[in-house]
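# Residue-level structural notes
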Amino acid sequence: MKQLFKQRLTTHLKEMMRYLRLVFNDYFVLALLFVIGGLGYYYSNTLKQLHTGLWWAPIVIIGILLVSVQLGRFATLIEAPDYVFLLPREADLYHYLKSGFNYSLSIALSIQVLFWILLMPFIQVTMHVTAIDLYLLLATAVLLKTTWLNTDFARKYHLKRRWLSSRFLFRLLVPVVSFGFSIYINYWIGLAVALIALIVSWVSRRSWVTRSLDWTKMISDENSRMHTVYQFFNLFTDVPMLQGSVKRRRYVDGILNRIKLIPKNTYLYLYGHGIVRDNEMSGLYVRLLVIGTLLLVFVKGEMLPIFLSLLFIYLIGFQMIPFYFHFSDNAFVHVYPITDKYQLMSFQRVLLYLLTTVGVVFAIAVVAVNYTSLVTVFGVIIGEALEIWAFIYVYLPRRLARSERIR
Amino acid sequence: MSLKVSDLVGGYSQVPVLKDVNFDVKDGELVGLIGLNGAGKSTTINHIIGLLTPFKGSITINGTGLNDDVKKYKEQIAYIPEQPIVYKELTLKEHLEMTMLAYNLDQDQAWERAHQLLKLFRLDNKLDWFPDNFSKGMRQKVMIVCAFLTNAKLFIIDEPFLGLDPLAVNDLLNLISERKKQGASILMSTHVLDTAQRYCDRFVLLHDGKVRTEGTIEELRKLFPEAGDSLNDIYLTLAREGDAS
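Residues numbered from 1 in each chain as written. Chains lettered and ligands numbered in written order. Predicted model: local features only at pLDDT ≥ 70, side-chain atom pairs only at ≥ 80, totals over all residues. Heavy atoms only, no water.

Right, let's talk about the overall build of chain A for a bit. Scanning chain A for helices and strands turns up 17 helices and 0 strands. With respect to the principal axes defined by its C-alpha atoms, chain A has extents near 65 × 60 × 45 Å. Across the 407 residues that make up chain A, the buried fraction comes to 47%. Contacts spanning at least 24 positions in sequence make up 83% of the contacts within chain A whose residues lie at least 6 apart. Within the structure as shown, chain A displays about 22200 Å² of accessible surface, and the carbon and sulfur contribution to it stands at 69%. Each charge class in chain A was averaged separately, 40 positive and 21 negative side chains, and the resulting centres sit 5 Å apart. (Helix = DSSP H or I, 4+ residues; strand = E, 2+ residues; numbered from the N terminus. Buried < 20%, exposed > 50% of the residue type's maximum accessible area, 1.4 Å probe, protein only. Contact = heavy atoms within 4.5 Å. Areas by Shrake-Rupley, 256 points an atom, 1.4 Å probe, with all protein chains shown as cover. Lys, Arg positive; Asp, Glu negative; His and termini not counted. Charge placed at Lys NZ, Arg CZ, Asp CG, Glu CD.)

Right, here's the structure in full:
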């Protein structure tokens, strides 16, 4: 069983390396060096202006430590067919999972150390601390992370006492209390709280390792973990493993139900429901919309807001284009008695809705911030309208025709 | 007594799908689990293989419950899921090796048996292929070969006939009777009622999460004399009655 984990880990690491090579290509590494250098410079400059006794500093420290403790998940490397093929070996699977636990722990603890090193100068500037205090804080983070992972381990079993895998308790409450004690009262007390939590969680292991495994949860946990990893890589390159997950999103039904059920609207129906429910697409749309809006709220100027809103509309529209082919692998759409003409028209209509929404939100943000400058107000409205029209009715058909030829 | 399901209440979330299900499968017996879509066949099976935990009631295999001794319980089971599920990155040969590893089988004996089974299902020239690219029927055959490679005492087979060619159906039924003779117990869920009628020793008729009735075909005929002779007729009558009431 340990052998099996080793085998899986090797394949897994190989796969990760392949993607990491794609992510960290020369340009990206160069850009990253500049960003890290810039941030480091900014950080050291900021530190110079800080002093002890700031009321918000402890909260920032606790917040960052809390984030750090959440990082690094339990990698089981379990695959869906395991529940059939490894069924008779379920009792031995503990050893397999333990290897996974140790592997995950080593990664998670490195993350804790990294965060601790990054945070150290900030703590030294804003708090009265000794070297021992700092080490105690690191030890607390390490204990909390170990407990966190052990809780995730317990989660994989059909537990009798459900609170042993309570995410609220071990991921949030205990760390908040423990770090709170450390920062506000005494580092030893914080460490003691973390230690008690770890002992409780660790001793309880004996009670659940003999119980049956919750395969369904284990498989879905691992899938969601890998999905996050792939999603990250998907920002840089194409990840074939990433099959879109789907959410119901009942609250959009009101809009979707307005599509008339006539043959002409077949694709409109498909694209409408598809884009809303496909997590990949709707996630991208919402993320870019939120980032763009936030950016526009903070940016002031005459031309810059116009330029930014046009850029973001283009980005969002551009990311949506591949969805045109989303259903072309589905045999049904080739069987339906409808013509391709409506496919493009429907896609354009869906995009028109989506981009107009973006345009309106952006325009409101820009106008609210820059209402004194008439050039900006009218520039944004006219610019957006022109861009959306050109993108959907001039650029899109050509672009799709070209993609169609390549396919 | 091999498999015993008593007073099982269970399901996926808080709402029970199964309400007080009771039945057993004795040694050397093939029991057919019959029911409409959504009657609770797969839910029952998921409880038996331990994917779900019962809200109430118990399931034992030769007297061992799942949480008494996970190892002893699970070692006795071989399972063929309704949807064949295979490793994307393993070849057919590696799937067989995985099974031998998991069930701790003697390599030489197991390979001898594997070759027989592969020949039977005409997979013997595909050892280095990836089952992930096979058709549904062929992947189903892979699952069957893996399951019958083992010396399990209890076979759980979920709807095995869909997608299999008639020859493979026949071979599967032969394999099942061979294992029956050796004393293994088999629980099989299916919709193919005329095949079930010919091969199963007993039937458990599930409807709406409850056992409507159980017994041999003769017993069922006696219980519902007006329903007709075949399992098909009896089942249709029961299902309609169940919906009406």
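The next thing to look at is the interface of chain B and chain A. One widely used convention gives an interface's size as the accessible area the parts lose upon coming together. Between chain B and chain A, the contact holds 27 residues from the first and 25 residues from the second. Summed over both partners, the interface of chain B with chain A buries about 2300 Å², with 66% contributed by carbon and sulfur atoms. At the junction of chain B and chain A, the tally comes to 1 salt bridge. Notably, a salt bridge pairs Lys-74 of chain B with Glu-90 of chain A, separated by 2.4 Å at the nearest N-O pair. Scanning the region where chain B abuts chain A turns up 4 residue pairs in polar contact (both at pLDDT 80 or more). When residues of the side of chain B that touches chain A are traced back to their parent elements, those giving at least two are helix 2 (70-75), strand 6 (77-80), helix 3 (92-102) and helix 5 (136-149) of chain B. (Buried area = accessible area lost by both parts, 1.4 Å probe. Salt bridge = Lys/Arg side-chain N within 4 Å of Asp/Glu carboxyl O. Polar contact = N/O pair within 3.5 Å; in protein donor to acceptor, adjacent residues only side chain to side chain.)

Turning to the domain arrangement of chain A, a few remarks are in order. When cut into domains, chain A gives domain 1 (2-229) and domain 2 (250-406). Each of domain 1 of chain A and domain 2 of chain A has a C-alpha centre, and these two points are 38 Å apart. (Domains from an automatic or database assignment.)

A surface patch of nonpolar side chains, amounting to about 760 Å² of accessible area, comprises Leu-374, Phe-378, Ile-381, Ile-382, Leu-386, Trp-389 and Tyr-393 of chain A. Here Ile-382 of chain A shows up in helix 17 (residues 374-406). (Patch = residues over 30% accessible without salt bridge, like charges linked within 9 Å, V, L, I, M, F, W, Y side chains within 5 Å.)

In this structure, Trp-215 of chain A together with Leu-3, Phe-23, Leu-96 and Phe-148 of chain B are the most contacted members of the largest nonpolar core, which totals 148 residues. For this core, the leading source of residues is helix 5 (residues 93-126) of chain A, giving 12 residues. When residues no more than four places from it in sequence are discounted, the contact partners of Phe-148 of chain B are Ile-80, Arg-113, Leu-117, Phe-155, Ile-157, Leu-172, Leu-175, Ile-176 and Arg-179 of chain B. The next biggest cluster of nonpolar side chains, apart from the first, holds 42 residues, and it includes Val-276, Phe-323, Leu-354 and Leu-355 of chain A. (Core = buried A, V, L, I, M, F, W, Y, C linked by side-chain atoms within 4.5 Å.)

Moving on, we get to the packing of aromatic side chains. Residues and elements named next belong to chain A. Tallying each qualifying case throughout the model produces 31 aromatic pairs over all chains. Taken together, a centroid distance of 5.9 Å and an interplanar angle of 85° make the contact between Phe-323 and Phe-327 edge-to-face. Of the two residues examined, Phe-323 and Phe-327, each falls in the buried class. Ring pairs connect the aromatic residues Phe-74, Tyr-94, Phe-101, Phe-153, Tyr-157, Trp-202 and Trp-208, which therefore count as one cluster. Taking NZ or CZ as reference, Lys-145 lies 3.5 Å from the ring centre of Trp-148, over its face. The aromatic ring of Phe-101 is capped on one face by Arg-205, whose charged end is 4.8 Å from the ring centroid. (Phe/Tyr/Trp six-rings, centres within 6.5 Å; stacked < 30°, edge-to-face > 60°. Lys NZ or Arg CZ within 6 Å of the ring centre and 35° of its normal.)

Residue and element names in this part refer to chain A. Two elements in contact, helix 14 (residues 304-320) and helix 16 (residues 340-369), have axes separated by 10 Å at closest approach and are oriented at 155°. In terms of their interaxial angle, helix 14 and helix 16 are classed as roughly antiparallel. Note on packing geometry: the crossing formed by helix 14 with helix 16 is right-handed. The segment helix 14 lies against helix 16, with Pro-305, Ser-309, Phe-312, Ile-313, Ile-316, Gly-317 and Met-320 engaging Phe-347, Leu-351, Leu-354, Leu-355, Val-358, Gly-359, Phe-362 and Val-366. Classifying every residue of the contact of helix 14 with helix 16 by side-chain character gives 12 nonpolar, 3 polar and no charged. (Axes fitted to C-alpha atoms, helices over the stretch in contact; angles between N-to-C directions. Parallel < 35°, antiparallel > 145°, perpendicular 65-115°, else oblique. Left-handed = near helix turned anticlockwise from the far one by under 90°. Nonpolar A, V, L, I, M, F, W, Y, C, P; charged D, E, K, R; others polar.)

Residue and element names in this part refer to chain B. As summarised here, the arrangement of the 4 strands in space is 2-1-4-5, forming an open sheet in which the pairing is antiparallel. Strands at the two margins of the open sheet, each flanked by one partner only, are strand 2 (18-25) and strand 5 (64-65). Relative to strand 4 (residues 56-61), strand 1 (residues 3-10) runs antiparallel, the two being bridged by 5 bridges. In the strand pairing of strand 4, Val-9 is matched with Lys-56. Here helix 1 (residues 41-48) sits on the sheet in contact with strand 1, strand 2 and strand 4, set at roughly 65° to strand 2. (Pairing = 2+ DSSP bridges.)

Residues and elements named next belong to chain B. In spatial order, the strands read 6-7-8-3-9-10; together these 6 strands make up an open sheet with mixed pairing. A strand with exactly one partner marks an edge of an open sheet, and here the two such strands are strand 6 and strand 10 (210-215). Sheet twist, expressed as the mean angle between neighbouring strand axes with direction ignored, is 15°. In terms of strand pairing, strand 3 (residues 30-34) meets strand 9 (residues 202-207) through 4 bridges, oriented parallel. Bridging across to strand 9, Ile-34 finds its partner in Leu-205. Contacts from helix 6 (residues 166-181) reach strand 3, strand 7 (154-158) and strand 8 (185-190), with the element oriented near 150° to strand 8.

Applying the stated criterion to the full structure yields 2 cavities of 30 Å³ or more. By volume, the largest cavity is sized at about 70 Å³. Sorting the residues of the lining of the largest cavity by element identifies helix 4 (82-85) of chain A together with strand 6 and helix 5 of chain B as the ones contributing at least two each. Element by element, the count of residues in the lining of the largest cavity is highest for helix 5 of chain B, at 3 residues. Residues of the lining of the largest cavity, tallied by class, amount to 8 nonpolar, 1 polar and no charged. Taken as a whole, the second largest cavity spans an internal volume of roughly 30 Å³. In this structure, the second largest cavity is lined by Glu-90, Ala-91, Tyr-94, Tyr-157, Val-209, Arg-211 and Leu-213 of chain A together with Val-70 of chain B. Residues of the lining of the second largest cavity, tallied by class, amount to 6 nonpolar, no polar and 2 charged. (1 Å grid on protein atoms, 1.4 Å probe; cavity = no way out; pocket = protein on both sides within 12 Å on 5 of 7 lines; lining within 4 Å. Points joined across faces, edges and corners; volume = space filled by probe spheres on them.)

Residue and element names in this part refer to chain B. Summarising the sheet, strand 4 and strand 5 pair through 2 bridges and their orientation is antiparallel. In the sheet register, Thr-60 faces strand 5, and the bridge partner there is Gly-65. If you look at the hairpin formed by strand 4 and strand 5, you'll find 2 residues sitting between the two strands, and Asn-62 has a positive phi there, around 45°.

By the secondary structure assignment, Pro-16 of chain B is in the loop between strand 1 and strand 2. With residues up to four places along the chain from it excluded, the contact list for Pro-16 of chain B reads Val-9, Gly-10 and Phe-55 of chain B.

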